[in-house]
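Listed here are the chains, written in short residue letters.
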Amino acid sequence: MIIKPRTRGFICTTAHPQGCALQVQEQLDYVKAQPALKGPRNVLVIGASAGYGLASRIVAAFGAGANTVGIYRQGQRAVDRPASAGWYNSAAFENAAQKAGLKSYSVTGDAFTDETKAKAIDLIRKELGQVDLVVYSVASPRRTNPRTGETSNSVLKPIGQPYTNKTVNFHDGEVSTITIEPATEAEIGETIDVMGGEDWQMWIDALQQGGVLADDATTIAYSYIGSKITQDIYREGTIGQAKDHLEATAKQLNEQLGATGGRAYVTVSKALVTQSSSAIPVVPLYISALYKVMKEKELHEGCIEQTYRLFADRLYTPSGVPTDEEGRIRIDDWEMREDVQQEVAKIWAELTTDNIEQLTDLEGYRREFFQLFGFETDGVDYEADVDPNVSIPNLS
């Protein structure tokens, strides 16, 4: 099969196995080139096939020598299309981990269900005994609550009043103005149900009750705050309400785990090109401007660089974990530097379709977007036939 990128809005519906494998290898090579970490021993990553979840698994395994279990949705090849990028990423990781002599297992399924939790607990009990780090990195537009059977759908909307700002079609570079109507109370509630901390809490409860969570275990969940430019649609919008719930859950979990020497944190990361961020109006344009500034200041980090710094300089330091006044780990510190934000704001005020290529790193944004799916990767012949059937070892 000759695999080409096919896009539908902010989604690429195809993925390239060789490109994904090379992207994973580049992350592995980066981590292996850094100083070894004194970190976790056995790690569960919930949402492990891409973005920060995948990066966390790579850093834990190849930076600290940890054994890992990854939870992610099935994405096997269909008759008329290749497998998902997450499937190919996970296959590349699993094969590399096996070659390195690391224990590594995958559980595919809906992370929100009791069935997937039970499968993960049984596997951990059998293969690892217990885990001492749980990374929660689930990004999903909908969730069916296993307790009630009700399905909720998240929305990306402001609260209280309409929101108007610049946005971009990152495929063609057209800058336009978008107005988004405010969310209803029901939409706010459903977004919290999907993206808040309830499922994170359910995972930790299930792991504890199953006897597979170490007494001194750490758990983290990823979040984002962002700049003034995106505040109304992000942190002050429906997603922000969900993130507030996530942070409240972290405090509850920290108290719960603290009784046996454990700890829980929300990690606030920087803006990066991910499938999730590409879906949020305004954010791709902001990221394009941010990348321009941070690259010029030599401050830019991708998922893997950011995650390695999280483990090395925050989570596993002899002096303890530095947090802000709300108890959050801030790894967005370089993005939120005053000089960075001032320059981004200046660019933002001047942005038009005519000057976007000069004022921002939109080209870099596009390239990273397609790289999420294994395209635009150096060293891959995209005109060649490639076998889309890739198996994953140790798959449950």
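A short tour of the structure in this document, coming up. (Residues numbered from 1 in each chain as written. Predicted model: local features only at pLDDT ≥ 70, side-chain atom pairs only at ≥ 80, totals over all residues. Heavy atoms only, no water.)

Glancing now at the overall build of the protein chain. A count of helical and extended segments in the protein chain gives 13 helices and 13 strands. For 396 residues, the compact-globule estimate of 2.2 N^0.38 gives 21 Å, and the C-alpha radius of gyration of the protein chain, at 20 Å, lies within 12% of that figure. In the protein chain, which comprises 396 residues, the proportion classed as buried is 55%. In the protein chain, once contacts between residues fewer than 6 apart in sequence are set aside, the share between residues at least 24 apart is 77%. Positive and negative charge centroids in the protein chain, built from 38 and 54 side chains respectively, lie 4 Å apart. (Helix = DSSP H or I, 4+ residues; strand = E, 2+ residues; numbered from the N terminus. Rg over C-alpha atoms; globule rule 2.2 N^0.38 Å. Buried < 20%, exposed > 50% of the residue type's maximum accessible area, 1.4 Å probe, protein only. Contact = heavy atoms within 4.5 Å. Lys, Arg positive; Asp, Glu negative; His and termini not counted. Charge placed at Lys NZ, Arg CZ, Asp CG, Glu CD.)

All right, on to the pairing of strand 5 (residues 104-108) then. A large share of strand 5 lies buried, amounting to five of its five residues. Residues Ser104, Ser106 and Thr108 of strand 5 are buried on one face, and the alternating residues Tyr105 and Val107, pointing to the opposite face, are buried as well. In the sheet, strand 4 (residues 67-72) pairs with strand 5 via five bridges, with the strands oriented parallel. Within strand 5, the position partnered with Val69 by the bridge is Tyr105. (Pairing = 2+ DSSP bridges.)

Ile58, Phe62, Tyr286 and Phe311 are the most contacted members of the largest nonpolar core, which totals 87 residues. With nine residues, the single largest contributor to this core is helix 9 (residues 283-296). With near-sequence residues (within four places) excluded, Ile58 lies in contact with Val24, Gln27, Leu28, Val31, Gly63, Phe93 and Ile304. If you look at the next biggest cluster of nonpolar residues, it comprises 34 residues, including Ala111, Leu128, Ile204 and Val212. (Core = buried A, V, L, I, M, F, W, Y, C linked by side-chain atoms within 4.5 Å.)

A side chain of one charge can pair with a side chain of the opposite charge when the charged atoms of the two come close. Applying the stated rule across the entire model yields 27 salt bridges. Among the ionic pairs, Asp244 bridges to Arg235, the shortest N-O distance being 2.9 Å. The exposure class of Asp244 is partly exposed, given its relative accessible area of 37%. The salt bridge involving Arg328 is made with Asp324; its shortest N-O contact spans 2.9 Å. (Salt bridge = Lys/Arg side-chain N within 4 Å of Asp/Glu carboxyl O.)

For Asp385, the position within the fold is in the segment after helix 13 (362-371). Asp385 sits in the exposed class, given a relative accessible area of 61%. Counting along the chain gives 382 residues from Asp385 to Ile3, while the straight-line C-alpha distance between them is 7.7 Å. Sequence-distant contacts of Asp385, defined by excluding residues within four places in its chain, comprise Met1 and Ile2.

Spatial strand order, 5-4-3-6-11-12-13: seven strands in an open sheet with parallel pairing. Unpaired on one side and paired on the other, strand 5 and strand 13 (329-330) mark the two borders of the sheet. Here strand 3 (residues 42-46) runs beside strand 6 (residues 131-136); their pairing, made up of four bridges, is parallel. Bridge pairing in strand 6 places Ile46 opposite Tyr136. Sheet contacts for helix 3 (residues 85-99): strand 4 and strand 5; angle to strand 5, the most-contacted strand, approximately 155°. (Axes fitted to C-alpha atoms, helices over the stretch in contact; angles between N-to-C directions.)

When the terminal C-alpha atoms of helix 6 (residues 198-209) are compared, their 16 Å separation across twelve residues agrees well with the 16 Å that a helix rising 1.5 Å per residue should span. Along helix 6, the residues classified as buried are Asp199, Trp200, Gln201, Met202, Trp203, Ile204, Ala206 and Leu207. Positive backbone phi, at 75°, marks Gly211, one or two positions downstream of helix 6. (Expected span 1.5 Å × (residues − 1).)

Note on helix geometry: an α-helix contains 3.6 residues per turn, so any two residues three or four positions apart are oriented the same way. With ten of 13 residues buried, helix 10 (residues 303-315) lies mostly within the body of the structure. Within the sequence span of helix 10, burial applies to Cys303, Ile304, Gln306, Thr307, Tyr308, Arg309, Leu310, Phe311, Arg314 and Leu315. Of the surrounding secondary structure, the elements contacted by the buried residues of helix 10 are helix 1 (17-32), helix 2 (51-64), strand 6, strand 11 (213-223), strand 12 (263-268) and strand 13.

Below, the discussion takes up the packing of aromatic side chains. In this structure the tally under the stated criterion is eleven aromatic pairs. With 5.2 Å between their ring centres and 80° between their planes, Phe369 and Phe370 make a pair best called edge-to-face. A relative accessible area of 0% means that Phe369 is categorised as buried. Stacked on the ring of Tyr316, the Lys or Arg Arg263 has its end atom at 5.6 Å from the ring centre. (Phe/Tyr/Trp six-rings, centres within 6.5 Å; stacked < 30°, edge-to-face > 60°. Lys NZ or Arg CZ within 6 Å of the ring centre and 35° of its normal.)

Note that Asn165 resides in strand 9 (residues 163-169). Among the residues examined, Asn165 registers a relative accessible area of 17% and is labelled buried. A polar atom in the side chain of Asn165 sits 3.2 Å from the side chain of Trp348. Leave out the neighbours within four places in its chain, and Asn165 touches Ser176, Thr177, Ile178, Ile229, Val282 and Trp348. (Polar contact = N/O pair within 3.5 Å; in protein donor to acceptor, adjacent residues only side chain to side chain.)

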